[in-house]
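If you want the building blocks of each chain, they are given just below.
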Amino acid sequence: MRARLQNNLSAAATDFRASWKQLLVTDLAFKVVYLAVLAPISGLVLRAFLFSQGTTVIADTDILWVALSPVGLVGLILVAAVGVTIIALEMACLMVIGFGAAHGLEVRVVDALWHAGRNAMSVLKLTVRFVSVLLLIAAPFLAAAALVAFTLLNEFDINFYLETRPPAFWLAAVLIGSILGAGLLVLVPRIIGWAFGLPLLLFEGTGPSNALRESARRTEGNRAFLTIQLVGWALASMLTGAVAFGGIRLMGAWVAVPL
C-alpha cells in the first residue's frame, strides 16, 4: 500500500505541475460564482423568515430557530442543493483538467467549462441522488441527536449551557457525540465507495443512475487505500485554505489604515 501511495502522490504532483495554472483559475472562478449565487439566495431566505415572523431583526440566539422553522428548513435545503451542485460542477472541471494532464494534454479552462457544462444535467442528477441517499441514511442519526438536545437542553437558553456547562450539558454532549460518531461510521464507507461516481459519469459515459453503483463495485476491496488518500486530500485542502485565509488576513491588517 505504501508503494501505491507514493506512486499516486508522485503522479499527482507531476500532473499538478503541468496544470496548476488552469486549476487555480478554475477554482477562483467557481469561488466567485459560489459567492455570487449563494449570497443572494441566503439573503432571500433570511428575509423570507423575517417576513414570516413579522420582524426585521433577529438575535444571535434565534439563529437555531431560523434553521428549524419550515421556511428555514426549505431555505437550508435550497442553499445546500445549489452549493453542492456548484461544488460538483467545479470538481467536474478540475477533473477534466487533471485527466488531460495525466494523458499529456493541456486542457484550457474554457474547454473544461464547456465539457462540464455539456454534462451539467447529468452532474446535477448524480448530485441529487448522492445527497438524497446520504440524507436518508443520516436522518435517523440527526433525529436522535436532536431528540437528545431537546430533551436534555430545553430548560434554559443555549448560551446558559455553553457558559455554565452543567451535568446535563456533558451528558447531552456525550450522547450526541456518540450518535453522530455512529452515523459517520455508517456514512464514510458509503461516501468512499462512491468516490469514482463523477469520473465514471464524465469520462466513461456511465449514467447518473448507475455511476454510484458502479463506483461502489469498483472500489470494493480498496476502501482502506482510498480512505487514506481522500483523508490526506481533505487535510491538505483544509491546510491550504487555512494558509490562504491567514495570508489574506495578514495582508488586510497590513494595508488597513487605522482611524
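In what follows, the structure referred to is the one given above.
In this text, all values refer to a predicted model and were calculated from it rather than measured experimentally.

Reading the values: rules and limits
Residues numbered from 1 in each chain as written. Predicted model: local features only at pLDDT ≥ 70, side-chain atom pairs only at ≥ 80, totals over all residues. Heavy atoms only, no water. Patch = residues over 30% accessible without salt bridge, like charges linked within 9 Å, V, L, I, M, F, W, Y side chains within 5 Å. Areas by Shrake-Rupley, 256 points an atom, 1.4 Å probe, with all protein chains shown as cover. Salt bridge = Lys/Arg side-chain N within 4 Å of Asp/Glu carboxyl O. Helix = DSSP H or I, 4+ residues; strand = E, 2+ residues; numbered from the N terminus. Axes fitted to C-alpha atoms, helices over the stretch in contact; angles between N-to-C directions. Parallel < 35°, antiparallel > 145°, perpendicular 65-115°, else oblique. Left-handed = near helix turned anticlockwise from the far one by under 90°. Contact = heavy atoms within 4.5 Å. Nonpolar A, V, L, I, M, F, W, Y, C, P; charged D, E, K, R; others polar. Buried < 20%, exposed > 50% of the residue type's maximum accessible area, 1.4 Å probe, protein only.

(A) View of a nonpolar patch on the surface. Together, Tyr34, Leu35, Ile87 and Met91 make up a nonpolar patch on the protein surface, roughly 360 Å² of accessible area in all. By secondary structure assignment, the location of Met91 is in helix α3 (residues 70-102).

(B) Highlighting the packing of helix α5 (residues 120-152) against helix α9 (residues 208-219). One can describe the packing of α5 onto α9 by two numbers: an axis separation of 8 Å at closest approach and a directional angle of 55°. Between α5 and α9, the interaxial angle falls into the category oblique. Crossing of α5 over α9 shows right-handed handedness. Residue-level contacts link Ser122, Lys125, Leu126, Arg129 and Phe130 of α5 to Pro208, Ser209, Ala211 and Leu212 of α9. Among the residues making up the contact of α5 with α9, the classes are represented as five nonpolar, two polar and two charged.

(C) Layout of the packing of α5 against helix α7 (residues 167-193). For the pair α5 and α7, the least separation of the axes is 9 Å and the interaxial angle reads 170°. The angle between α5 and α7 places the two elements in the roughly antiparallel class.

(D) Summary view of the pattern of salt bridges. Tallied over the full model, the rule gives six salt bridges. The partner of Glu90 in a salt bridge is Lys31, with the nearest N and O atoms 3.7 Å apart. Here Glu90, found in helix α3, pairs with Lys31, found in helix α1 (residues 2-53); they are 59 residues apart in sequence, far enough to count as distant. Classification of Glu90 by relative accessible area gives buried; the value is 11%. The partly exposed category is assigned to Lys31, whose relative accessible area is 41%. Here Arg217 ties to Glu214 by a salt bridge, and the two come within 2.5 Å at their closest N and O atoms. Separated by three residues within a single helix, Arg217 and Glu214 lie in helix α9, roughly one turn from each other. Because the salt bridges share partners, they merge into one network encompassing Glu204, Glu214, Arg217 and Arg218.

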